[in-house]
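One letter stands for each residue in the lines below.
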Amino acid sequence: HAEDGALLVERIADALHEPFAVGGVEVDVGASIGVATHPEDGRTCEALLHAADQAMYAAKQQGRNCYYLFDSQQNSVQNQRQEMIRQAAESLRNGDFELYYQPKVNMKTGQVLGAEALLRWQHPERGLLSPSEFLPLLTGDPLMAELEEWVLRQGIQQLHEWHLHDLRLTLSINISGQFLQESGFVDKLSALLALYPTLPASALELEILETTALENITRASEIIRRCRSRGVGFALDDFGTGYSSLTHLKRLPADAIKIDCSF
């Protein structure tokens, strides 16, 4: 039974954790252990080993020196995520992603001041998908950075075309904290802007969620300052859904704050 397996695994982990001497040096080892049970998780040796292997990787993700009991439901969710990532990678190569542009309007004068780029996925089977239907599943995967770089490239190109036709608009592009805090982000942004020397960097505004900015506020504020020194604007999105401390605004040098309705 699964409960008996858990007790056995704890004993194995405790035994492995006991330090021992090798050549006069004390060695301490740990173990990440995956557990599968018959017949719930598989009826063949191959199926059981596969399930235990999946559980072991889940144990590794939870940290050192722990075990994980195979969860078929969670494994199904993980398989769905991997399939979504595979489809998104293929769609990115095939040009199935699109940017829609939502205008920003001065409500007093009716003047269109700029736009916000909104990502959409023209899924080959499910039709047009909004970000909420696929971005949560892509978060944390390297493909997410590729997709965000594509959005940045497409958005800046569109902004340049507007300015060539005397549409002096600004464009806001949403970026994740993961993408913002990549080591080469500022260099990538500078290289993209350098492709369009007549486009003022001030026409571009990057939006970052308050919650992701606060995950590593020191790193985020440093990168925001470097981008602003190049003329790029920054907005703090969904303010009020995170810690909502006004003192954070001293450390996050944003040009604009988008206040969440709930706040």
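For the structure, see preceding data.
Residues numbered from 1 in each chain as written. Predicted model: local features only at pLDDT ≥ 70, side-chain atom pairs only at ≥ 80, totals over all residues. Heavy atoms only, no water.

1. Quick word on the nonpolar core
Working step 1: Counting residues in each nonpolar core, the largest one holds 51 residues, and the members touching the most others are Phe185, Leu189 and Leu206.
Working step 2: It is helix α5 (residues 142-164) that contributes the most residues to this core, ten residues altogether.
Working step 3: Beyond its immediate stretch of four places on either side in the chain, Leu206 contacts Leu152, Ile173, Ile175, Phe185, Leu189, Val232, Gly233, Phe234 and Ala235.
Working step 4: In terms of nonpolar packing, the next biggest core, distinct from the first, is built from seven residues, Ala55, Ala59, Tyr68 and Phe70 among them. (Core = buried A, V, L, I, M, F, W, Y, C linked by side-chain atoms within 4.5 Å. Buried < 20%, exposed > 50% of the residue type's maximum accessible area, 1.4 Å probe, protein only. Helix = DSSP H or I, 4+ residues; strand = E, 2+ residues; numbered from the N terminus. Contact = heavy atoms within 4.5 Å.)

2. Brief notes about the packing of α5 against helix α7 (residues 185-194)
Working step 1: At a minimum axis separation of 10 Å, α5 and α7 run at an interaxial angle of 25 degrees. With respect to their mutual orientation, α5 and α7 come out roughly parallel. In the packing of α5 onto α7, the handedness of the crossing is right-handed. The segment α5 lies against α7, with Glu149, Leu152, Arg153 and Ile156 engaging Phe185, Lys188, Leu189, Leu192 and Leu193.
Working step 2: For the contact of α5 with α7, a count of residues per class yields six nonpolar, no polar and three charged. (Axes fitted to C-alpha atoms, helices over the stretch in contact; angles between N-to-C directions. Parallel < 35°, antiparallel > 145°, perpendicular 65-115°, else oblique. Left-handed = near helix turned anticlockwise from the far one by under 90°. Nonpolar A, V, L, I, M, F, W, Y, C, P; charged D, E, K, R; others polar.)

3. Re the layout of surface pockets
In this approach, a probe sized like a water molecule rolls over the atoms, and the result shows the empty space that is left.
Working step 1: Looking at the largest pocket, its volume works out to about 700 Å³.
Working step 2: If you list the elements that add at least two residues to the lining of the largest pocket, you get β5 (97-105), β6 (112-123), α4 (135-138), α5, α6 (177-180), β9 (204-209) and β10 (233-239).
Working step 3: Of the residues contributing to the lining of the largest pocket, the split by class is 13 nonpolar, eight polar and six charged. (1 Å grid on protein atoms, 1.4 Å probe; cavity = no way out; pocket = protein on both sides within 12 Å on 5 of 7 lines; lining within 4 Å. Points joined across faces, edges and corners; volume = space filled by probe spheres on them.)

4. Details of the pattern of salt bridges
It is possible for side chains bearing opposite charge to pair when their charged atoms get close.
Working step 1: Counting across every chain of the model gives twelve salt bridges.
Working step 2: We note a salt bridge from Asp255 to Arg228, for which the minimum N-O separation is 2.8 Å. You can see Asp255 sitting in the loop between α10 (248-251) and β11 (256-259) and its partner Arg228 sitting in helix α9 (residues 217-229), a full 27 residues away along the chain.
Working step 3: Classification of Asp255 by relative accessible area gives partly exposed; the value is 44%.
Working step 4: Using a relative accessible area of 35% as the deciding quantity, one classes Arg228 as partly exposed.
Working step 5: If you follow the salt bridges from partner to partner, you end up with Glu149, Arg153, Glu182 and Lys188 in one network. (Salt bridge = Lys/Arg side-chain N within 4 Å of Asp/Glu carboxyl O.)

5. Points about the packing of aromatic side chains
The way to describe two aromatic rings as a pair is by their centre distance and the angle between their planes.
Working step 1: Using the criterion set out here, one finds six aromatic pairs in the structure.
Working step 2: Pairing Phe179 with Phe185 gives two aromatic rings, centres 5.2 Å apart and planes at 85 degrees, and the pair type is edge-to-face. For the pair formed by Phe179 and Phe185, the shared burial category is buried.
Working step 3: Among the aromatic residues, those joined into a cluster by ring pairs are Phe97, Trp121, Phe134 and Trp150.
Working step 4: A cation sits over an aromatic face here: Arg120 above Tyr100, 5.9 Å from the ring centre. (Phe/Tyr/Trp six-rings, centres within 6.5 Å; stacked < 30°, edge-to-face > 60°. Lys NZ or Arg CZ within 6 Å of the ring centre and 35° of its normal.)

6. Description of the pairing of β10
Working step 1: For β10, the tally of buried residues reaches six of seven residues, placing the bulk of the element in the interior.
Working step 2: Where β9 meets β10, five bridges bridge the pair, whose relative direction is parallel. The partner of Glu207 across the bridge, within β10, is Ala235.
Working step 3: Two strands pair when backbone bridges link them, and β10 and β11 are joined in this way by three bridges, in the parallel orientation. Within β11, the position partnered with Leu236 by the bridge is Ile257. (Pairing = 2+ DSSP bridges.)

The analysis is restricted to geometry; functional conclusions fall outside its scope.
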